[in-house]
2 protein chains.
Amino acid sequence: MNEIRVFTPGTVANVACGFDVMGFALDSPGDEMVVRKITEKTVRILKMEGFNLPLEAHKNVAGVALLSMLNELNDNVGFEVEIYKKIKPGSGIGSSAASSAGAVVAANKLLGEPYSNTDLARFAMEGERLASGTAHADNVAPAIFGGFTLVRSYHPLDIISIDTPDELYATVIHPQIEVKTSDAREILKRNLLLKDAIRQWGNVGGLVAGLMRSDYELIGRSLEDVIVEPIRSILIPAFQEVKLRSKEVGALGGGISGSGPSIFMLSRGQETAEKVKAVMAETYDKVGIDYDIHLSKVNKQGVKILGR
Amino acid sequence: MNEIRVFTPGTVANVACGFDVMGFALDSPGDEMVVRKITEKTVRILKMEGFNLPLEAHKNVAGVALLSMLNELNDNVGFEVEIYKKIKPGSGIGSSAASSAGAVVAANKLLGEPYSNTDLARFAMEGERLASGTAHADNVAPAIFGGFTLVRSYHPLDIISIDTPDELYATVIHPQIEVKTSDAREILKRNLLLKDAIRQWGNVGGLVAGLMRSDYELIGRSLEDVIVEPIRSILIPAFQEVKLRSKEVGALGGGISGSGPSIFMLSRGQETAEKVKAVMAETYDKVGIDYDIHLSKVNKQGVKILGR
């Protein structure tokens, strides 16, 4: 096998209370990628469809992730990559992570899977470092592992798969405004109150417990962010209204997807997720800002092989 | 049924990363209590054996917890209480919580169980308010619910039972020095760094996941406290050495029990917990401070009925 085609998913990082540690994968949107093994120790991005992103390997997140993998390999091996991108860069649903994660998962398959998922996350994080200045793992982890993930620790990297309830759907609205991850990080405060931190880690514990026992009500109650959301949400028009109206039609809860501007809401069952989609659309139609909306079951698999 | 005798357990609150939210119950030490229903709307503490604590109901934690319950009852009913105390006050293993929790669980049984466990925790928290100035729930919750508990939220009170692995043992050493909960709270900083908070809630998520899937290694890796322990541990002689040596003989991890001075270590299996007990004793023998050591399986049941 010298060539593989994969689907690589969009992801929602942070997940309200789980700032910098939690994330989950979507069934849509997602990109497709073709990765080919070559007998030359190099990485070439041959094609980039959908968006105008750099083709030079060291300026491309997929390229950087693969170069980081090659750096640990002694073999005379390299990769050619084609990227068919559907996840808009800057949307807050892990566009760069999808490319990094898809590239390293595909390459690992072509090599006979010498690397663990945590190794792959480590390589993909180098793509994130290029994209945002920080080697965060909360998008690449769910893209690689599937479902919900918890980055328990960065040093050493310790990623925990969290069971995902069967009926969990995400509705994600992406208003057509751009919020750069680096800007969104800069407005955060470096200090916080102990009492707020306690409330946040109570919710993280609740979210993990709720997911693991498919307790949808507990998931909903735990989707509360008293630290980051109050600051970042001011960058997102109609954020509070979207959240409030989504809950009125049955959403469990939600928040900012990654560093925004996308907003995610989780629901039990597709029917409720469709209602959430309708009120999200209505709210933004009123505000007069263009948007995309994605409705997706939580993707338990992560990167999927489409063909060899 | 007009009289009930209960065992009410010591508890370990905070559990390293879970400051103010996590706790678990012990099989020993624990107190015994007798609670009697009377037809007069009052609370009388008839007996207090073991330690010299106030008998006036409004100055006694069990009394205050029961008065808080009576306050919500319309019936002409009250309680007489006898307390046979073994858990030393000020030891950091929930001495006051045991009395408050035991009293309200016993009273609830005598009344035909009109109250939920969360209601009972709310009453027992009034005892904690008397004892320490703060109505915290992280000791009363495991005493009432049994096993591990997570206080996800205080407003509204939301207590989550966390599954407890079968082979989990606690070794707790109580050095004979006194640290008052109120003093131990005062030395805490009101502010913390966002990066430390993120590490802490990653660990809380890991601890909950580890407990729920009986992943002992994950439990061990998650027993890390980067916020409170570095400050409070300076009040406890030989803290670092106890922790280090316990881990060398196989303990999963541990930390300060409650606000100290007791130190708890969790182990998989009784054999390892016994080794931990030995090195703890050895360490404190060397330091020349008297101590009690308790070795106990994690108590999944909480307050237990001994007789009616």
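Residues numbered from 1 in each chain as written. Chains lettered and ligands numbered in written order. Predicted model: local features only at pLDDT ≥ 70, side-chain atom pairs only at ≥ 80, totals over all residues. Heavy atoms only, no water.

You'll find chain A entered in an unreviewed UniProt entry as Homoserine kinase, with Solitalea canadensis given as the organism. Under the UniProt heading Pathway (unreviewed entry), the entry covering chain A gives this text: "Amino-acid biosynthesis; L-threonine biosynthesis; L-threonine from L-aspartate: step 4/5." As recorded by UniProt, the Sequence similarities (unreviewed entry) comment attached to chain A reads in full: "Belongs to the GHMP kinase family. Homoserine kinase subfamily." (UniProt positions renumbered as here; feature names shortened; annotations may be inferred.)

Caption draft 1: Expanded view of the overall build of chain A. Along the backbone of chain A there are 10 helices and 12 strands. In terms of its C-alpha atoms, chain A occupies a principal-axis envelope of roughly 55 × 40 × 35 Å. By residue count, 62% of the 308 residues in chain A fall in the buried class. Taking all contacts inside chain A whose residues are at least 6 apart in sequence as the whole, residues at least 24 apart take part in 73%. A total accessible area of about 11600 Å² is found for chain A, and carbon and sulfur atoms account for 46% of it. Counting 34 positive and 38 negative side-chain charges, chain A places the centres of these two groups 1 Å from one another. (Helix = DSSP H or I, 4+ residues; strand = E, 2+ residues; numbered from the N terminus. Buried < 20%, exposed > 50% of the residue type's maximum accessible area, 1.4 Å probe, protein only. Contact = heavy atoms within 4.5 Å. Areas by Shrake-Rupley, 256 points an atom, 1.4 Å probe, with all protein chains shown as cover. Lys, Arg positive; Asp, Glu negative; His and termini not counted. Charge placed at Lys NZ, Arg CZ, Asp CG, Glu CD.)

Caption draft 2: Looking closely at the domain arrangement of chain A. All names here are of chain A. Segmenting chain A into domains produces domain 1 (3-162 + 300-307) and domain 2 (168-297). A C-alpha centroid distance of 24 Å is found between domain 1 and domain 2. Across the boundary between the two partners, domain 1 contributes 26 residues, which contact 39 residues of domain 2. Taken over both partners, the interface formed by domain 1 and domain 2 buries close to 2400 Å², and the fraction arising from carbon and sulfur atoms is 66%. Considering only the side of domain 1, the residues that lose the most area to domain 2 are Ala16, Cys17 and Phe19, jointly responsible for 24% of the buried surface there. For Asp292, the salt bridge is made with Lys88, and the minimal N-O distance between the two is 2.9 Å. Seen at the junction of domain 1 and domain 2, the total is 10 residue pairs in polar contact (both at pLDDT 80 or more). (Domains from an automatic or database assignment. Buried area = accessible area lost by both parts, 1.4 Å probe. Salt bridge = Lys/Arg side-chain N within 4 Å of Asp/Glu carboxyl O. Polar contact = N/O pair within 3.5 Å; in protein donor to acceptor, adjacent residues only side chain to side chain.)

Caption draft 3: Highlighting the relation of the copies chain A and chain B. Placing chain A over chain B gives an RMSD of 0.0 Å and needs a rotation angle of 180°, together with 0.0 Å of translation along the axis. Expressed as an axis order, the relation between the two copies is that of a two-fold axis. The overlap is high: 100% of the interface residues of chain A also sit at the interface in chain B, so the same surface is used on both sides. (Least-squares fit on C-alpha atoms with pLDDT ≥ 70 in both.)

Caption draft 4: Quick peek at unusual backbone geometry. Cis rather than trans, the peptide bond between His155 of chain A and Pro156 of chain A has omega equal to 0°. On the secondary structure map, Pro156 of chain A appears in the loop between strand E5 (148-154) and strand E6 (157-162). Despite not being glycine, Ser214 of chain A has its phi angle at roughly 50°, a positive value. Structurally, Ser214 of chain A can be placed in the loop between helix H6 (194-212) and helix H7 (216-222). For Ser214 of chain A, a relative accessible area of 38% translates into the label partly exposed. Even without a glycine there, the phi angle at Glu113 of chain B is positive, about 55°.

Caption draft 5: Broad picture of the interface of chain A and chain B. Counting residues at the interface gives 39 residues for chain A, matched by 39 residues for chain B. For the pair chain A and chain B, the summed buried surface comes to about 2900 Å²; carbon and sulfur atoms form 67% of the total. The interface formed by chain A and chain B includes 13 residue pairs in polar contact (both at pLDDT 80 or more). For the side of chain A that touches chain B, the secondary structure elements donating two or more residues are E5, E6, strand E8 (191-193), H6 and H7 of chain A. If one sorts the elements of the side of chain A that touches chain B by residue count, H6 of chain A sits on top with 14 residues. Looking at the side of chain A that touches chain B residue by residue, the classes come out as 20 nonpolar, nine polar and 10 charged. (Nonpolar A, V, L, I, M, F, W, Y, C, P; charged D, E, K, R; others polar.)

Caption draft 6: Structural view of helix H1 (residues 61-70) of chain B. Residue and element names in this part refer to chain B. The buried count for H1 comes to nine of 10 residues, which makes it a mostly enclosed element. Along H1, the positions that sit buried rather than exposed are Val61, Ala62, Gly63, Val64, Ala65, Leu66, Ser68, Met69 and Leu70. In this structure, the buried side of H1 is in contact with strand E2 (22-38), strand E3 (43-49), strand E4 (78-84), helix H2 (95-110) and helix H3 (117-132). The opening residue of H1, the one whose side-chain oxygen lies 2.8 Å from the backbone nitrogen of Ala62, is Asn60.

Caption draft 7: Broad picture of the sheet that holds strand E7 (residues 168-175) of chain B. All names here are of chain B. Ordered by their spatial adjacency, four strands build an open sheet running E9-E10-E7-E11, and the pairing between neighbours is antiparallel. Of all the strands in the sheet, just strand E9 (253-256) and strand E11 (291-297) have a single pairing partner and so form its edges. Going across the sheet, the axis of each strand differs from the next one's by a mean of 15°, ignoring polarity. Pairing analysis gives four bridges linking E9 to strand E10 (residues 263-268), with the strands arranged antiparallel. Within the sheet, the bridge partner assigned to Gly254 lies in E10 and is Met265. Of the strands in this sheet, E9 and E10 are in contact with helix H9 (residues 239-248), which crosses E10 at around 5°. (Pairing = 2+ DSSP bridges. Axes fitted to C-alpha atoms, helices over the stretch in contact; angles between N-to-C directions.)

Caption draft 8: Structural detail: the sheet that holds strand E11 (residues 291-297) of chain A. Residues and elements named next belong to chain A. Taken together, four strands build an open sheet; the order of strands is E9-E10-E7-E11 and the sheet is antiparallel. Unpaired on one side and paired on the other, strand E9 (253-256) and E11 mark the two borders of the sheet. If you compare each strand with its neighbour and ignore which way they point, the axes differ by 15° on average. Relative to E11, strand E7 (residues 168-175) runs antiparallel, the two being bridged by seven bridges. For Pro175, the partnering residue across the bridge sits in E11 and is Tyr291. Sheet strands in contact with helix H9 (residues 239-248) are E9 and strand E10 (263-268), and its direction is about 5° off that of E10.

Caption draft 9: Examining the UniProt feature "domain: GHMP kinase N-terminal" (unreviewed entry) in chain A more closely. UniProt's feature table lists "domain: GHMP kinase N-terminal" (unreviewed entry) at residues 65-147 of chain A, given in the numbering used throughout. Taken end to end, residues 65-147 of chain A comprises 53% helix and 8% strand; its first and last C-alpha atoms sit 22 Å apart.

Caption draft 10: Representation of the side chain of Asn299 of chain B within the structure. Residues and elements named next belong to chain B. Note on placement: Asn299 falls in the loop between E11 and strand E12 (304-307). Exposure remark for Asn299: the relative accessible area of 1% places this residue in the buried category. Polar side-chain contacts of Asn299 include one of 2.9 Å to the backbone nitrogen of Gly302.

Caption draft 11: Inspection of the pattern of salt bridges at higher detail. All names here are of chain A. Per the stated rule, a full pass over the model turns up 48 salt bridges over all chains. Where Arg122 meets Asp119, a salt bridge forms, and the shortest distance between an N and an O atom there is 3.0 Å. Taken together, the residues span about one helical turn, with Arg122 and Asp119 both in helix H3 (residues 117-132) at a distance of three residues. Within this structure, Glu3, Arg36, Glu40, Arg44, Glu80 and Glu82 form a network of salt bridges that share partners.

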